[in-house]
Amino acid sequence: MKNILYVLALFSLVLLYQNCAPGFESLQPQDGQIDGLSEGNNLSAPNVKGPTVQPVLNKLCTDSNDVIAKSHARRLTLFEIEKSIEDLLGQQMDVSKLPSDSVNKYLLTRDGSTQSLIVGDAEKFYDQYELTINKYIQANKTDLVTCKATTANEINNCVNTYLYPLIYQAWRRPLTSADKNKVQSFFSGGDYLMGLKSALLYTFLSPKFLYVAFESSGNNRNLSNYEIVERLSFLIWGSVPNLELLTMAQNNKLQTKADLETVITLMFNDKKRSKRFFQAFMNDWIGLDELHHTTRKDKKFTPQLAQELEDEAVHFFEDLFRNNEPIHAMFESQYTVASRDVASLYGVNWDSSISWQHDLGQSLRRIKLPENRKGILTTAGVLTRTAAHDETASPTQRGYWATKKVTCIKPGAVPEDVDLEIKPIEGSFRQQLENHVKAENCQSCHALMDPIGFGLGNFNTLGEFITKDGFGYDIDASGEILSKSFNNATDLVDIFVEDQNVKDCFTSHFTSFVITKASDTKKSCTQQKIRETVDATGGGLKDFLVEIITSKLFLTEVVR
């Protein structure tokens with residue numbers, strides 16, 4: 001087992017020993033957690049001498065105190081940790097083995113109370129960092145050795161040239177002389193690779209990397225340039241800022257709306273990293289990542305197709321955003337961006353479709369949707385995600401999802417005395433469901449949800465267009481929603497497009513995604529002003545994002 005000190009090193013991420021972080025309770029491992037650990041053990045990897053952890057621990061003490069002094073802090077999400085490590089080291093890190101985002105999400109609350117990180121969780125962080133750093137050193141050993149870090153002066157030059165800029169990015173702030181002294185001390189033994197491993201472990205274990213922390217005097221205040229860049233980078237790239245963004249912060253290039261628009265354009269021009277923004281929002285709004293946890297008897301539904309269905313929705317949104325299409329285009333666009341297999345679900349000739357200009361892998365085409373489809377609600381990924389059942393798509397499930405995500409109306413809970421089993425009757429699937437929910441205590445919710453699901457009834461569990469249900473009856477996709485009648489899915493979508501509540505619902509989801517820490521009241525007021533501004537200028541999705549980012553709410557740290 002590992003030396004207990006390796007485990008305690010991670011403890012500084014949330015709290016440290018009482019003599020290191022006054023006011024924080026010390027870590028108390030459960031009985032049996034540290035059996036067999038001895039101080040003599042150390043880390044090792046092939047051709048890389050493992051550093052002892054005590055120097056790392058000692059240096060993390062003051063880092064932890066720095067975070068404790070802030071008014072509040074949040075831990076980076078697993079996605080942000082993964083992408084930051086990927087951008088900084090060029091290595092994939094298995095974040096699935098780290099504590100989930102719900103564990104120790106916040107370091108401090110407003111009253112200064114704390115959360116603790118148990119030994120097992122701390123060990124997971126350490127293990128994954130060690131594995132990733134070892135892989136990085138092995139992959140880059142030739143280049144690292146050519147640094148000629150054999151003398152003290154040469155090591156100092158290597159640290160200045162390579163390591164300091166990397167730590168600057170990881171911590172999103174300029175390094176102080178005290179920071180540099182800590183880093184330099186890791187190389188006092190003369191072994192450059194050993195010192196490098198120690199310094200990298202220290203960098204990524206430090207709260208300066210793992211937490212976004214804000215200072216406050218007790219009043220709302222404007223963010224500093226570095227805080228703005230940090231917030232923008234985690235929003236758009238899901239990662240730490242690069243040196244170019246940090247230089248712009250250092251040179252005070254974030255003072256005007258025009259400055260911020262320049263930065264936003266620069267960041268979205270990095271198509272590889274900015275794709276993370278589109279992926280994160282679509283998963284937050286629609287929950288398409290659930291496709292990877294869905295099983296289907298249909299042999300067409302493979303893990304590869306699940307990924308391509310998720311990608312379609314992401315690229316669909318990206319295409320609209322980059323073309324600055326209006327919000328309603330989300331629901332009425334006649335085009336989507338799809339792989340060959342997804343296009344086959346639509347019965348579209350993929351080869352004759354045009355290439356997508358933002359495609360990085362040359363595997364996507366911008367295809368015209370058939371006349372029986374329109375917008376995001378009729379894309380195969382959304383229809384598959386909301387189908388729920390394996391063999392027959394559930395109108396109630398699809399309607400429930402759309403009611404919450406498209407109209408922002410929250411259906412009530414299922415009554416306790418309701419029998420959920422559908423009793424078969426002679427008739428279509430729709431008739432059987434309508435018979436099942438005809439009880440008065442069911443109608444208030446089902447009258448709202450089911451018509452939407454019926455309107456999408458011509459699509460099976462993979463989003464393919466069908467005309468017969470599972471019982472061989474013609475599908476009736478007509479209904480009434482928001483006091484308007486429809487005959488099919490495109491009619492239903494047209495009603496959504498014309499309804500202001502649907503537009504308001506999307507702006508609410510989008511604004512909440514961009515600004516996650518403001519109060520609901522402030523978000524509501526802000527999004528109304530932003531929407532009015534965008535509507536008045538005829539702007540689109542990109543304009544909408546710019547207005548949010550340049551709003552006071554985004555650029556101000558709000559005291560909670």
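Residues numbered from 1 in each chain as written. Predicted model: local features only at pLDDT ≥ 70, side-chain atom pairs only at ≥ 80, totals over all residues. Heavy atoms only, no water.

1. Concerning the state of the cysteines
For the structure on display, the rule yields 1 disulfide. The disulfide partner of Cys 408 is Cys 505, and the gap between their sulfur atoms is 2.1 Å. Every disulfide takes its handedness from the sign of the S-S torsion; for Cys 408 and Cys 505 that torsion is 85°, giving right-handed. A residue pair is termed long-range when its members are at least 10 positions apart, and Cys 408 in the loop between helix H18 (395–405) and helix H19 (429–436) and Cys 505 in helix H22 (residues 500–514) qualify at 97 residues. You can call Cys 505 buried: its relative accessible area is 2%. (Disulfide = S-S within 2.5 Å. Helix = DSSP H or I, 4+ residues; strand = E, 2+ residues; numbered from the N terminus. Buried < 20%, exposed > 50% of the residue type's maximum accessible area, 1.4 Å probe, protein only.)

2. Some thoughts on the sheet that holds strand E7 (residues 365–368)
An order of E5-E7-E6 is seen for the 3 strands of this open sheet, with the pairing classed as antiparallel. Only two strands of the sheet have a single neighbouring strand rather than two, namely strand E5 (335–338) and strand E6 (354–355). Pairing analysis gives 4 bridges linking E5 to E7, with the strands arranged antiparallel. Bridge assignment links Thr 336 to a residue of E7, and that residue is Ile 367. Sheet strands touched by helix H14 (residues 303–322): E5 and E7. Its angle to E5, the strand with the most contacts, is close to 130°. (Pairing = 2+ DSSP bridges. Contact = heavy atoms within 4.5 Å. Axes fitted to C-alpha atoms, helices over the stretch in contact; angles between N-to-C directions.)

3. Remarks on the confidence of the model for the chain
Summing up the model confidence of the chain, the mean pLDDT is 79 and the portion of residues at 70 or higher is 74%. Segment residues 1–52 is flagged for pLDDT under 50; beyond a separation of four residues in sequence, or across chains, it makes 132 contacts in the model. Here residues 107–119 is a poorly scored stretch, pLDDT under 50, and it has 44 contacts once near neighbours within four places are set aside; other chains count. (pLDDT = per-residue confidence, 0-100.)

4. Notes on the nonpolar core
Judged by nonpolar contacts, the single largest core of 133 residues is most densely connected at Tyr 129 and Phe 204. Among the elements that line this core, the one with the most residues is helix H6 (residues 152–171), at 10 residues. Among residues more than four places away in sequence, those in contact with Tyr 129 are Ile 81, Ile 85, Met 93, Leu 201, Phe 204, Leu 205, Phe 209 and Leu 210. (Core = buried A, V, L, I, M, F, W, Y, C linked by side-chain atoms within 4.5 Å.)

5. As for the pattern of salt bridges
A complete count under the given rule lists 20 salt bridges for this structure. Glu 86 is paired through a salt bridge with Lys 83; the nearest N and O atoms lie 3.5 Å apart. Taken as a pair, Glu 86 and Lys 83 lie in helix H3 (residues 78–89) at a separation of 3 residues, close to a single helical turn. Accessibility assignment for this pair places Glu 86 and Lys 83 in one class, buried. (Salt bridge = Lys/Arg side-chain N within 4 Å of Asp/Glu carboxyl O.)

6. Things to note about the packing of aromatic side chains
What describes a pair of aromatic rings is the distance from one ring centre to the other and the angle between the planes of the rings. Taken as a whole, this structure holds 27 aromatic pairs when the rule is applied. A centroid spacing of 5.7 Å and a plane angle of 80° characterise the contact between Phe 278 and Phe 317, whose relative ring orientation is edge-to-face. Remark: Phe 317 occurs in helix H14 and Phe 278 occurs in helix H13 (residues 271–285); sequence separation between them is 39 residues. Of the two residues, Phe 278 and Phe 317, both sit in the buried class. A ring pair is formed by Phe 281 and Phe 506, whose centres lie 5.8 Å apart and whose planes are at 85°; its orientation type is edge-to-face. Taken together, the residues Phe 281 in helix H13 and Phe 506 in helix H22 connect sequence positions 225 residues apart. Each of the two residues, Phe 281 as well as Phe 506, counts as buried. Ring-pair connections join several aromatic residues into one group, and the members of that group are Phe 268, Phe 277, Phe 278, Phe 281, Trp 285, Phe 317, Phe 321, Phe 331, Phe 506, Phe 510, Phe 513 and Phe 544. Over the ring of Phe 234 we find Arg 74, and its NZ or CZ is 6.0 Å from the ring centre. Lying across the ring of Trp 350, Arg 365 places its NZ or CZ 4.1 Å from the centre. (Phe/Tyr/Trp six-rings, centres within 6.5 Å; stacked < 30°, edge-to-face > 60°. Lys NZ or Arg CZ within 6 Å of the ring centre and 35° of its normal.)

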